[in-house]
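If you want the building blocks of each chain, they are given just below.
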Amino acid sequence: MTTPNGTPYYIAPEVLFEKYDEKSVWISCCGKELAPWFYANLGCKVLATDISDVAITFQKEIMKINPFEVLKDLDEAIIKTKIQSENQFIQPELEVHDCRKNLDTDDLFNVI
């Protein structure tokens, strides 16, 4: 499934890393998922958005706790992809956005 301009709505991490040199991912309606952190810590440029202030606040709170504890949860998933992680904790870009509206950005994403 793709957007009208051909951007895939979902692509497995392995395919993302094989297909694109520069990897950029927009995770719309991120909620409390760790997917933004997973992709950011694989070296992708990540924008995670949600209409809920609560969800974005939750995402930002991850940096206030020990982020390396969260990263431990991601390690197994990263290992399964057989992709080199960045070996540091990288925070994705986070913002409140109503996914029913166009995103006001000049950024292009490989995956939405």
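Visitor: Explain the packing of aromatic side chains to me, please; I cannot follow it from the model alone.
Guide: Two aromatic rings, taken as a pair, are described by how far apart their centres are and by the angle between their planes. The final tally for this structure, using the stated rule, is one aromatic pair. Look at Phe38 and Tyr39: their rings are 5.2 Å apart centre to centre, the planes differ by 85°, and that puts the pair in the edge-to-face class. Here Phe38 falls in the buried class, since its relative accessible area comes to 9%. Residue Tyr39 is classed as buried on the basis of its relative accessible area, which comes to 10%. Positioned above the aromatic ring of Phe58 is the side chain of Lys32, whose terminal nitrogen or guanidinium carbon lies 5.5 Å from the ring centre.

Visitor: Where do I start with the sheet that holds strand β1 (residues 24-28) in this structure?
Guide: Paired through backbone hydrogen bonds, the strands of a sheet run either parallel or antiparallel to each other. Ordered by their spatial adjacency, three strands build an open sheet running β1-β2-β3, and the pairing between neighbours is parallel. The sheet is open, and its two edges are formed by β1 and β3 (93-96), each paired on a single side. Here the average twist between neighbouring strands, direction ignored, is 15°. Relative to β3, strand β2 (residues 45-50) runs parallel, the two sharing four bridges. Following the sheet pairing, Thr49 is matched in β3 by Glu95. Taken strand by strand, helix α3 (residues 53-61) contacts β2 and β3, and its axis lies near 160° from that of β3.

Conventions used here
- Residues numbered from 1 in each chain as written.
- Predicted model: local features only at pLDDT ≥ 70, side-chain atom pairs only at ≥ 80, totals over all residues.
- Heavy atoms only, no water.
- Phe/Tyr/Trp six-rings, centres within 6.5 Å; stacked < 30°, edge-to-face > 60°.
- Buried < 20%, exposed > 50% of the residue type's maximum accessible area, 1.4 Å probe, protein only.
- Lys NZ or Arg CZ within 6 Å of the ring centre and 35° of its normal.
- Pairing = 2+ DSSP bridges.
- Helix = DSSP H or I, 4+ residues; strand = E, 2+ residues; numbered from the N terminus.
- Axes fitted to C-alpha atoms, helices over the stretch in contact; angles between N-to-C directions.
- Contact = heavy atoms within 4.5 Å.

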